[in-house]
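This is what each chain is made of:
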Amino acid sequence: MDDQVWMRRAIELARKAETLGEVPVGALIVKQDRCIAEGHNRPIQNSDPTAHAEIIAIREASQRLQNYRLVDCTLYVTLEPCVMCMGAIQHARIKRVVFAATDPKRGAVCSALHLAEADYANHHIEWTAGVLDSECATLLSDFFKRRR
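Model, not experiment: these values are computed from the prediction.

*Asks:* I'd love a proper account of the overall build of the protein, names of residues and values included.
*Replies:* The secondary structure content of the protein amounts to 5 helices and 5 strands. In the protein, the order of α-helices and β-strands from amino to carboxyl end is α-β-β-α-α-β-α-β-β-α. Considered along the principal axes of its C-alpha atoms, the protein spans approximately 40 × 30 × 30 Å. Every one of the 148 residues in the protein was classed for burial, and the buried ones make up 47%. Taken as a whole, the protein presents about 7600 Å² of accessible surface, with 50% of it coming from carbon and sulfur. Computing the positive centroid from 19 side-chain charges and the negative centroid from 19, the protein places the two 5 Å apart.

*Asks:* I'd love a proper account of the packing of helix 1 (residues 3-19) against helix 5 (residues 133-147), names of residues and values included.
*Replies:* Contact pair helix 1 / helix 5: the axes reach a minimum separation of 11 Å and the direction vectors enclose 5°. Between helix 1 and helix 5, the crossing angle belongs to the class labelled roughly parallel. Counting all contacts with helix 1, which are made through Arg8, Ile11, Ala14, Arg15 and Glu18, the residues of helix 5 involved are Glu135, Cys136, Leu139, Phe143 and Arg146. The class makeup of the residues in the contact of helix 1 with helix 5 is 5 nonpolar, no polar and 5 charged.

*Asks:* Explain the nonpolar core residue by residue, including any values.
*Replies:* Ranked by internal contacts, the top residues of the largest apolar core, which has 41 residues, are Met7, Ile29, Leu70, Met86, Ile89 and Ile94. Mapped by element, the contributors of at least two residues to this core are helix 1, strand 1 (26-31), strand 2 (34-40), helix 3 (53-65), strand 3 (73-79), helix 4 (83-92), strand 4 (96-101) and helix 5. Residues in contact with Met7, not counting those within four places in the same chain, are Tyr76, Val77, Thr78, Val98, Phe99, Ala100, Val131 and Leu132.

Calculation notes
Residues numbered from 1 in each chain as written. Predicted model: local features only at pLDDT ≥ 70, side-chain atom pairs only at ≥ 80, totals over all residues. Heavy atoms only, no water. Helix = DSSP H or I, 4+ residues; strand = E, 2+ residues; numbered from the N terminus. Buried < 20%, exposed > 50% of the residue type's maximum accessible area, 1.4 Å probe, protein only. Areas by Shrake-Rupley, 256 points an atom, 1.4 Å probe, with all protein chains shown as cover. Lys, Arg positive; Asp, Glu negative; His and termini not counted. Charge placed at Lys NZ, Arg CZ, Asp CG, Glu CD. Axes fitted to C-alpha atoms, helices over the stretch in contact; angles between N-to-C directions. Parallel < 35°, antiparallel > 145°, perpendicular 65-115°, else oblique. Contact = heavy atoms within 4.5 Å. Nonpolar A, V, L, I, M, F, W, Y, C, P; charged D, E, K, R; others polar. Core = buried A, V, L, I, M, F, W, Y, C linked by side-chain atoms within 4.5 Å.

Remember that the coordinates give geometry; whether it matters functionally is a separate question.
Here's what the structure looks like:
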């Protein structure tokens, strides 16, 4: 399947987060063209500041594979990962990150920080930005407009 198909599923997961009052971010992890894990934002629901969509998906994938290294996996997420999530992505050795909307204030792939190819890391992450970005950006901006 192509990146847009997987991103559409991530958007469905983001909408699930939104119905729970969470910031609408969804993520999934694919290995060998098969989805092995999914997650959506749940920090409020779980009373856990680390319960970002990416972290939920990484935890599930690691359990499913019985390995904390997610080599040859691709993470799809509706919003550019933050510094916490990029740290987990690097530690998990995820090969590629595909995201929709950039996050100019907190994005740690190519916006506020550039951690995908950080000099200090011994694992560099391939990345693709902008897959269905306008749909995801609208989802996020509409969510925050309603909250104000």
